[in-house]
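Examination of the molecular architecture
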Amino acid sequence: MELTPPLLQLATQALDRVLDFKRPADSELSAFFRDHKKLGPRERAFVAEAVFGVLRRYRYLSVVVPAANPRTLIIAWLIKARGMSGATLEQFAKPELVQHIRDARTDDLPLAVAAELPEWVIEKLQPVMSDADILVLGRALQLPAPMDVRVNAYKADRDTVLAQLREEGLAVEPTPYSPWGIRFKEHPAINRHPLFLDGSLEVQDDGSQLLALLLGARRGEMVCDFCAGAGGKTLAIGAMMASSGRLYAFDVAEKRLAKLKPRLARSGLSNVMPQLIASENDTRVKRLAGKLDRALVDAPCSGLGTLRRNPNLKFRQSPESVAVLTQKQASILRAAAKLLKPGGRLVYATCSLLPEENEAIVEALLAEGGFTLLPVNELLAQNKIDLDTGAMLRLSPAVHGTDGFFAAVLVKLALAPIRQMSQIGSAAFWLLDR
C-alpha cells in the first residue's frame with residue numbers, strides 16, 4: 001500500500017513500544033492495535049511488517065543509520081529491505097539521511113551483526129558450529145517463517161484436506177516431514193476457515209508436529225504432556241491416541257491452559273485432562289509416579305529456535321536467564337522421569353539452539369542411570385520419514401525449513417529391585433533380589 005506520513009508515524013509509534021524489549025513483540029503489537037481499533041487490515045499489515053522487519057535486522061540497521069531511533073530504523077528498513085527509492089522517501093526523510101544509509105559500508109560486518117545474534121549466543125554456538133554455519137543459520141532466522149498447519153487425524157485426512165484447499169484456490173503443499181502437515185505459500189486468515197473452525201486444522205510448525213510422532217502414543221495408554229501450554233502438541237498426541245486412554249495436560253500457567261480449552265472443544269477429543277499445577281513437584285504430578293506409558297517434556301527454554309517468528313527474543317534472553325532455564329529444565333525432566341513405568345518412553349524437547357539447554361540436559365539424566373537413549377533417526381526411518389540428524393533430533397531453519405528444534409527420546413529401563421546386604425568399612429555391596 002502507499003506510504004503516507006500518518007502511516008509511517010503509526011509504525012514508528014508501534015516500534016517505539018517494542019524496542020524496550022520488556023515484553024514479546026507480538027504482545028506489544030496486539031496491545032498497540034487494541035489502542036488503534038480504527039486501523040484497517042492493510043494498515044495493520046504494514047505496521048506489523050515494519051516492526052518485525054526492523055527487529056529481524058535490528059543490529060544491521062543500527063549500523064547503517066547515524067542515530068538508531070524508531071523512525072530512522074524504519075527508514076533504513078524501507079531502503080535496505082524494501083528497496084524503496086530516495087525519490088519516494090523525499091517527503092519522509094532528509095536527503096542526507098537517505099544518502100548516509102545508502103553509503104553505509106556493510107561488506108565487513110562482525111559475525112554477530114551479520115548473523116543478527118547477540119555475542120553471547122555466538123560464543124555458545126562456536127564450540128559446535130563453524131562461523132560460516134553460524135552465519136547461514138543467522139540469515140535463515142532473519143527470514144519470515146512459513147505458515148504450517150496440522151491436520152487433525154482424529155477428524156480428517158491430509159490428502160482430502162489438501163485437495164479441498166487447492167479447489168478453493170489456496171497454494172498449499174505437504175510439509176517436508178510431518179505426515180499431518182500442510183504448508184501454505186502465503187499467510188491466509190486460516191483462523192476464519194471452516195476447517196479451522198471445526199477443529200480439522202491447527203496452526204503448528206512442521207518440526208513441532210514431529211514431537212508427537214516421536215512420543216508414539218497409542219490407544220488406551222496413560223500419557224502426559226508435562227508443559228502443555230496452549231496445547232498444540234497435546235492435541236496432536238490426543239489424535240494419535242484416537243481420543244482413547246488418558247492424556248494429562250499439565251502447565252503452571254492458567255492463561256496458557258485457558259487457551260487450550262476452545263482448541264480442545266474444536267478438536268473433538270475427549271481423552272485430554274488439562275490440569276493446572278503449581279510446579280513440577282505438585283501433588284497432582286506425584287500421584288502418577290510409575291503409572292504412565294509416555295511423557296513429553298517440551299521444556300521452557302530460551303526460544304532461540306523461533307526467532308523467525310519472535311525476533312525480539314534474542315534481546316530478551318541473556319546468559320543469566322539461560323542458566324536459570326537449564327536448572328528448571330533439568331528439574332522438570334527428572335520429575336517427568338519418575339512418572340514412567342519400566343519401558344515407558346520420555347521425550348525431551350526444546351525450541352532452543354543451545355547445547356546447554358539440549359544435549360547437556362539429556363546427557364545428565366542418562367548419566368544418572370535408569371534410562372537409555374532411543375535413536376531418533378531409527379524412529380523416523382520406521383515411520384518412513386526421510387530425516388536423519390543422528391541419535392537426537394536437531395532441526396534448523398537453515399537446513400530443514402522448520403523452526404529450530406531439539407528432541408531426544410529416552411526409555412526407562414526395567415531394573416530389578418535392589419537391597420543393601422552388607423557394608424564392610426567404606427565399601428557397600430549391593431545384590432540383586434532374585
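These remarks concern the structure in this document. Owing to the predicted nature of the structure, the values given are computational and were not obtained by experimental measurement.

**So, the overall build of the protein chain**
A count of helices and strands for the protein chain gives 20 helices and 14 strands. Scaling as 2.2 N^0.38, a compact globule of 434 residues should have a C-alpha radius of gyration of about 22 Å, and the protein chain matches this with 24 Å. Taken along the three principal axes of its C-alpha coordinates, the protein chain extends 85 × 55 × 40 Å. For the protein chain, with 434 residues in total, the buried portion stands at 52%. The contacts in the protein chain between residues at least 6 apart in sequence include a share of 69% that link residues at least 24 apart. Here the protein chain displays about 20,300 Å² of accessible surface, and carbon together with sulfur accounts for 52% of that area. Charge-centre separation for the protein chain: the mean point of 55 positive side chains lies 6 Å from the mean point of 48 negative side chains.

**Observations concerning the pattern of salt bridges**
Here the structure, examined in full by the defined rule, presents 23 salt bridges. Between Lys314 and Glu116 there is a salt bridge, with the nearest N and O atoms lying 4.0 Å from each other. Here Lys314 is found in helix 16 (residues 313–316), whereas its partner Glu116 is found in the loop between helix 7 (111–114) and helix 8 (119–125), with 198 residues between them in sequence. Judged by its relative accessible area of 5%, Lys314 is buried.

**Details of unusual backbone geometry**
At Ala242, a position not held by glycine, the phi torsion is positive, near 55 degrees. Counting through the fold element by element, Ala242 comes out in the loop between helix 13 (232–240) and strand 6 (246–251). Taking the relative accessible area as the measure of exposure, Ala242 reaches 21% and is therefore partly exposed. Although it is not a glycine, Ser243 adopts a positive phi angle of roughly 60 degrees.

**Points about the sheet that holds strand 1 (residues 147–151)**
Read from one edge of the open sheet, four strands run 2-3-1-4, paired in antiparallel fashion. Pairing within the sheet leaves two strands with one partner each, and these edge strands are strand 2 (172–174) and strand 4 (201–203). Along the sheet, successive strands turn relative to each other by an average axial angle of 35 degrees, direction set aside. With three bridges joining them, strand 1 and strand 4 adopt antiparallel strand pairing. Bridging across to strand 4, Val149 finds its partner in Val203. With respect to the sheet, helix 10 (residues 158–167) is in contact with strand 1, strand 2, strand 3 (181–184) and strand 4, its orientation differing from that of strand 2 by roughly 165 degrees.

**Points about the nonpolar core**
In terms of nonpolar packing, the biggest core is built from 42 residues, with Leu3, Val47, Val51, Ile75, Leu78 and Leu89 touching the most fellow members. The contact partners of Leu89, leaving out residues within four places of it in the chain, are Leu3, Ile75, Leu78, Ile79, Met84 and Val98.

**Here we look at helix 1 (residues 5–18)**
Counted at 1.5 Å a residue, the expected span for helix 1 with its 14 residues is 20 Å, and the 20 Å between its end C-alpha atoms agrees. Regarding helix 1, the residues found buried are Leu7, Leu8, Leu10, Ala11, Thr12, Ala14, Leu15 and Val18. Here the buried face of helix 1 lies against helix 2 (25–35), helix 3 (41–56) and helix 5 (70–80).

**Quick notes on the packing of aromatic side chains**
By the definition in use, this model includes eight aromatic pairs. Aromatic side chains Tyr248 and Phe250 sit 5.9 Å apart centroid to centroid with 15 degrees between the ring planes, which places their arrangement in the stacked category. Here the aromatic rings of Tyr348 and Phe406 are separated by 6.4 Å at their centres, their planes lie at 65 degrees, and the arrangement is edge-to-face. Taken together, the residues span a long stretch of sequence, with Tyr348 in strand 9 (residues 340–350) and Phe406 in strand 12 (residues 405–412) at a distance of 58 residues. Using a relative accessible area of 1% as the deciding quantity, one classes Phe406 as buried. Through a chain of ring-to-ring contacts, the aromatic side chains of Phe21, Tyr58 and Phe315 assemble into a single cluster. In this structure, Arg57 is placed above the aromatic ring of Tyr60, and the distance from its NZ or CZ to the ring centre is 4.4 Å.

Rules used in this analysis
- Residue indices begin from 1 for each chain and proceed along its sequence in written order.
- In keeping with the model being predicted, local features are shown solely for residues with a pLDDT of at least 70 and side-chain atom pairs are shown and tallied solely at 80 or more, while totals for entire chains, interfaces and linings include all residues.
- Heavy atoms from the whole structure form the basis of all side-chain values; hydrogens and water molecules are not counted.
- The numbering of helices and of strands both runs from the N terminus, where a helix is a DSSP run of H or I of at least 4 residues and a strand a run of E of at least 2.
- Only C-alpha atoms enter the radius of gyration, while the globule expectation follows 2.2 Å times N to the 0.38, with N the number of residues.
- Three exposure classes are used, based on accessible area relative to the maximum for each residue type with a 1.4 Å probe and protein chains only: buried under 20%, partly exposed in between, and exposed over 50%.
- A contact between two residues is defined here by any heavy atoms of the two lying within 4.5 Å.
- Method for areas: the Shrake-Rupley scheme with a 1.4 Å probe, in which residue coverage is limited to the protein chains shown.
- Under the convention used here, Asp and Glu are negative, Lys and Arg are positive, and both His and the chain ends fall outside the count.
- One atom stands in for each charge, and that atom is NZ of Lys, CZ of Arg, CG of Asp or CD of Glu.
- Whenever a carboxyl oxygen of Asp or Glu lies within 4 Å of a side-chain nitrogen of Lys or Arg, that contact is scored as a salt bridge.
- Two strands are said to pair when DSSP picks up at least two bridges between them.
- For helices, the fitted line uses only the C-alpha atoms of the stretch in contact; every axis is such a line through C-alpha atoms, and the angle between N-to-C directions lies from 0 to 180 degrees.
- We define a nonpolar core as any set of buried Ala, Val, Leu, Ile, Met, Phe, Trp, Tyr and Cys residues linked to one another through side-chain atoms lying within 4.5 Å.
- What a helix should span is 1.5 Å times the count of its residues minus one.
- Classification of ring pairs uses Phe, Tyr and Trp, with its six-membered ring standing for Trp, and accepts pairs whose centres are within 6.5 Å; under 30 degrees between planes counts as stacked, over 60 as edge-to-face, and the remaining range as tilted.
- In this analysis the charged atom, NZ for Lys or CZ for Arg, is taken to sit over a ring once it is within 6 Å of the ring centre and within 35 degrees of the ring normal.

Read these as spatial facts, not as claims about activity.
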